[in-house]
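One-letter residues, chain by chain:
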Amino acid sequence: MRIFLAGATGVIGSRLLPLLVGAGHEMAGLTRSTGKAAAVRATGAGAVVHDVYDADGLTTAVMDFAPELVMHQLADLPDDVARLAASGEANSRIRTEGIADLLTAAARTLDLLEAPTGIVVVVEAE
């Protein structure tokens, strides 16, 4: 299955990506950091470096990969746990605006608005 994983270099995404590649899925991993793109490629997945707040560009990136499934693991958490409390606003923004942009890109790509041809997976833990 062709899977587009948003948040591929985060706490969960970085562990999930190699498992999905290992299971034989064709993967594209979204990261906003060019520095983390190599980690995505090292798993055997394609790296997509893009800002989730650029909705039109994100839609293009998802459409270019043409996934059968779009999976959300977006978060904006610091690498340094001491900065966790200060990251609340940024994390809230990505979990509202960022996820909305991803869902819009998925809906356009997977034809969810007309004749559904794909799957969107959203996993949230509060």
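Everything below is about the structure printed above this text.
Residues numbered from 1 in each chain as written. Predicted model: local features only at pLDDT ≥ 70, side-chain atom pairs only at ≥ 80, totals over all residues. Heavy atoms only, no water.

Q: Residues and numbers for the packing of aromatic side chains, please.
A: In total, this model carries one aromatic pair according to the counting rule given. When the ring of phenylalanine 4 is compared with that of phenylalanine 65, the centres are 6.5 Å apart and the planes differ by 55 degrees; the resulting orientation is tilted. You can see phenylalanine 4 sitting in strand β1 (residues 2–6) and its partner phenylalanine 65 sitting in helix α3 (residues 55–65), a full 61 residues away along the chain. In terms of burial, phenylalanine 4 and phenylalanine 65 fall into one category: buried. Its end group placed over the ring of phenylalanine 65, arginine 2 keeps NZ or CZ at 4.0 Å from the ring centre. (Phe/Tyr/Trp six-rings, centres within 6.5 Å; stacked < 30°, edge-to-face > 60°. Helix = DSSP H or I, 4+ residues; strand = E, 2+ residues; numbered from the N terminus. Buried < 20%, exposed > 50% of the residue type's maximum accessible area, 1.4 Å probe, protein only. Lys NZ or Arg CZ within 6 Å of the ring centre and 35° of its normal.)

Q: Tell me what's going on with the pairing of β1, and back it up with residues and numbers.
A: Two faces, one strand: in a regular strand the side chains alternate between the faces of the sheet. The buried fraction of β1 amounts to four of the five residues, a majority that puts the element mostly inside the structure. Note that β1 and strand β2 (residues 26–31) share five bridges and pair parallel. If you follow arginine 2 over to β2, its bridge partner there is glutamate 26. In the classification by handedness, the crossover that spans β1, the intervening helix α1 (residues 13–22) and the parallel β2 is right-handed. The pairing of β1 with strand β4 (residues 69–72) spans four bridges and is parallel. Across the sheet, the residue bridging to phenylalanine 4 is valine 70, located in β4. (Pairing = 2+ DSSP bridges. Right-handed = clockwise from strand over helix to strand, strands pointing away.)

Keep in mind these numbers describe shape, not what the thing actually does.
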